[in-house]
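Observations on the three-dimensional arrangement
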Amino acid sequence: MIDHRRVLAVMILVGAAIGCQRDHTPVVVTQPQPKTQPPPETTPPATAADSSPGDRDDSESISDTNPARDTELTNAPERGSDSERGSDSEPGSDPEPGSDSEQPDDDLAESAIANPLPPYLLWFPTSGGPLLVGLEIWIGEATLQDAFDARIQSIQQTLQSTDATLGWKPLLQRVSDDVATFGRNASRVAGQQQGLIKRYDRNRNQIAEPAELLRFLFREVNFASQLRVYGTDAFSWSNRAHSPLFKALDRNSDQRLDQQEIAAAETSLLVDVDRNLDGCLSPDELAELSDRSDDPWQRRRSDRHGEVAMDLSDYVDWSNLSYSMGGMLKHSPLIGPRNPLLAIDADDDGRISVDEARTILDVSPELTLIIRFDSQTGDGPTVRAELAPSLAESATVQEHFANRIQISTAAAQIDVIAQDSPGMKNESSIWSIQVRGRAAESPDAVFAWLDLNHDQMLSSREIHLAAGRLQQISQADGSLGADAIPEALLIQFGRGEPDQDNRLFQTTPVRKDSDDRPRWAIAMDSNHDGDISRNEFVGPLKAFQQLDVNGDHFLSSDEIALATP
């Protein structure tokens, strides 16, 4: 027997479904949206997300056919503005809990008022904890942003000449004729005009729009802006236990240095590491003993996801960055009294949402670097550092060279270097207004700890003092594990054509421009490390002992000056 009530119900349901299809009205089921990453304890370990200036960044790929990003590239908002934070709230609206508009921390608000935000912010996830670094970069007397904008505008006006618009064909011809301005870009235009136009004329109107022009001019680095900092985690942890110096010191290979091994440090380093027998140790000698066969800076992986150091300007993958930040929320701070990520966890749930991650742009960093490039004076780049008041008692800044400084705390050493390639004496070059950087843990943390004057070389004196230096960080029983070596970070900035980056960012020993010692002292200093050891001294032992006023077994420049009439 047919149940008419059921038939009627089925017909009603079918009719409703058909009506929905005709009206194209979807049925929406709303659910609470979870945060974008799991709790920190479930965050996967960081991978070797290495990068180099040759990386293809998906967001800014030169083959990207979406012209909507042109405005984003040419009109980057200032740091801390609503447009950069991605705020969706209207002016005057009440902020929702945990939204970008709400200040997550009272201390943060006071800090922001006392310390104006620097133009750029560097996110640096280290094995010792998260680090935020402010960046202030100058080209002569102009900020990097102003210098970049002015130079690009000048280039555009020059290329346009008397034409109202800049066509691709005349542009390519003028670029090929001007090697001084465009460098090796010019030599790579001939015979490729049609391919270049097809690749960079994204809207196919035969006119070089401002954003298209930028992408074309800086195509060798695949980013069309004034700054990009690259990172790698290839040296994390391995720069201690796998250090050739630590292996040489660890005579019994038990991954720990005992009192006897520390006491014999000078002998072990000279016998096992000093390949050229000059009494000094250079990065090249360490490279010969390293287990690493490749250059981590040549790997082609994106760096814009927060797993390695990156600048927080232009395109940022906030979803992946929030995930990486969530994994470091419970870490101890690398420097300073407090993990900076705690200030952006607005709802104190132990996770970092995408909206919370964006508020990192409003956090005042504990450390700000001021980099100045100036080719006109001939003095070369300079580096300075400004520390927040919270670091006044726990951090020191050492300026051994104008372009090299070190920030030291109990837990970390941060070396900062700025360099120009030789071609940057020509201020008209487009590469004079773009700064590229690298930030990573130092290739060898043991080397960094023993290098007292931070000149990228262990002198005879520093090798002699190695045992005492290691004893400073040994445990109560006199032993020392590899994990007790303080964190060592290296941040580098440079200007130059991209194919010069290997030389530009190479860590080579620093030599003084001049030597004021008398000729006899310069001649005796056979390894050119600035001191004369007993083995280098030509003369009787008694004469050496008379000159060695402080009895440290080396003749310094000051002791030589005292002996010179």
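First things first, this report covers the structure right here in the doc. (Residues numbered from 1 in each chain as written. Predicted model: local features only at pLDDT ≥ 70, side-chain atom pairs only at ≥ 80, totals over all residues. Heavy atoms only, no water.)

Glancing now at the overall build of the chain. Check the secondary structure of the chain and you find 24 helices and 16 strands. Relative to its full complement of 565 residues, the chain shows a buried share of 49%. Partitioning the contacts of the chain with sequence separation of at least 6, the portion at a separation of at least 24 is 69%. (Helix = DSSP H or I, 4+ residues; strand = E, 2+ residues; numbered from the N terminus. Buried < 20%, exposed > 50% of the residue type's maximum accessible area, 1.4 Å probe, protein only. Contact = heavy atoms within 4.5 Å.)

This next bit is on the nonpolar core. Buried together is how nonpolar side chains tend to be arranged in soluble globular proteins. Counting 34 residues, the largest nonpolar core has Leu135, Leu369, Ile371, Ile414, Val416, Ile491 and Phe493 as its most contacted members. Among all residues touching Leu369, those that are not within four sequence positions of it are Val133, Gly134, Leu135, Glu136, Arg384, Ala385, Ile405, Ile407, Val416, Ile491 and Phe493. Core analysis: the second largest hydrophobic core is formed by 31 residues, Val175, Val189, Ala224 and Met424 among them. (Core = buried A, V, L, I, M, F, W, Y, C linked by side-chain atoms within 4.5 Å.)

All right, on to the packing of helix α5 (residues 144-160) against helix α10 (residues 210-217) then. Between α5 and α10, the least distance of the axes is 12 Å, while the angle of their chain directions is 100°. Between α5 and α10, the crossing angle belongs to the class labelled roughly perpendicular. Here Phe148, Ile152, Ile155, Gln156 and Leu159 of α5 come into contact with α10, specifically with Pro210, Leu213, Leu214 and Leu217. Of the residues assigned to the contact of α5 with α10, the class counts are eight nonpolar, one polar and no charged. (Axes fitted to C-alpha atoms, helices over the stretch in contact; angles between N-to-C directions. Parallel < 35°, antiparallel > 145°, perpendicular 65-115°, else oblique. Nonpolar A, V, L, I, M, F, W, Y, C, P; charged D, E, K, R; others polar.)

Residue position: Arg219 is located in the loop between α10 and β4 (227-231). Despite its burial, Arg219 pairs with no opposite charge, the nearest such side chain being Glu220 at 5.8 Å. For Arg219, the side chain forms a polar contact with the main-chain oxygen of Phe216, separated by 2.9 Å. (Lys, Arg positive; Asp, Glu negative; His and termini not counted. Salt bridge = Lys/Arg side-chain N within 4 Å of Asp/Glu carboxyl O. Polar contact = N/O pair within 3.5 Å; in protein donor to acceptor, adjacent residues only side chain to side chain.)

What follows concerns the sheet that holds β4. Ordered by their spatial adjacency, six strands build an open sheet running β4-β12-β14-β11-β10-β9, and the pairing between neighbours is mixed. Each of the sheet's edge strands pairs with one partner strand only, and the pair in question is β4 and β9 (396-401). On average, each strand axis in the sheet is inclined to that of its neighbour by 15°, with strand direction left out of account. Looking at chain direction, β9 and strand β10 (residues 404-408) are connected through four bridges and run antiparallel. Among the inter-strand pairings, Val397 is bridged to a residue of β10, identified as Ile407. (Pairing = 2+ DSSP bridges.)

Let's shift gears to the environment of Ser429. The residue Ser429 is located in the loop between β11 (412-420) and β12 (435-441) in this model. The spacing of Ser429 and Arg151 is 278 residues in sequence and 9.3 Å in space, taken between C-alpha atoms. Apart from residues no more than four positions distant in its own chain, Ser429 is found in contact with Ala180, Thr181 and Met424. Here Trp431 takes part through its backbone nitrogen, which lies 3.1 Å from a polar atom of the side chain of Ser429.

Counting buried positions over the seven residues of strand β1 (residues 120-126) gives seven, a clear majority of the element. Alternating residues of β1 divide into Tyr120, Leu122, Phe124 and Thr126 and Leu121, Trp123 and Pro125, and every residue in both groups is buried. Sheet topology note: the β1/strand β2 (residues 129-139) ladder contains seven bridges and is antiparallel. Looking at β2, one finds that Pro125 is bridged to Pro130. For β1 and strand β6 (residues 310-311), the ladder comprises two bridges, and the chain directions are antiparallel.

Below, the discussion takes up the packing of helix α6 (residues 168-177) against helix α9 (residues 193-200). What describes two packed helices is the angle between their axes and the distance between those same axes. Relative orientation of the contacting elements α6 and α9 amounts to 120°, with a least axis distance of 11 Å. Of the possible angle classes, the one that applies to α6 and α9 is oblique. Between α6 and α9 lies a crossing whose hand is right-handed. Mapping the contact onto sequence places Trp168, Lys169 and Leu172 in α6 and Gln193, Gln194, Leu196, Ile197 and Tyr200 in α9. (Left-handed = near helix turned anticlockwise from the far one by under 90°.)

Relative to the helices and strands, Glu393 is located in the loop between β8 (382-387) and β9. The spatial distance from the C-alpha of Glu393 to the C-alpha of Thr409 is 9.5 Å, given a sequence separation of 16 residues.

The next thing to look at is the pattern of salt bridges. Two side chains that carry opposite charge are able to pair once their charged atoms sit near each other. Under the defined criterion, the tally for this structure stands at 10 salt bridges. Here Arg275 ties to Glu288 by a salt bridge, and the two come within 3.9 Å at their closest N and O atoms. Here the residue Arg275 occupies a position in the loop between α14 (265-272) and α15 (283-289), and Glu288 occupies one in helix α15, the gap between them amounting to 13 residues. The class for Glu288 is exposed, based on a relative accessible area of 53%. Across the salt bridge formed by Asp501 and Arg436, the nearest N and O atoms sit 2.8 Å from each other. Here Asp501, found in helix α21 (residues 501-504), pairs with Arg436, found in strand β12; they are 65 residues apart in sequence, far enough to count as distant. On the accessibility criterion, Asp501 (3% relative accessible area) is buried. Within the structure, one salt-bridge network assembled from shared partners comprises Arg461, Asp531 and Asp552.

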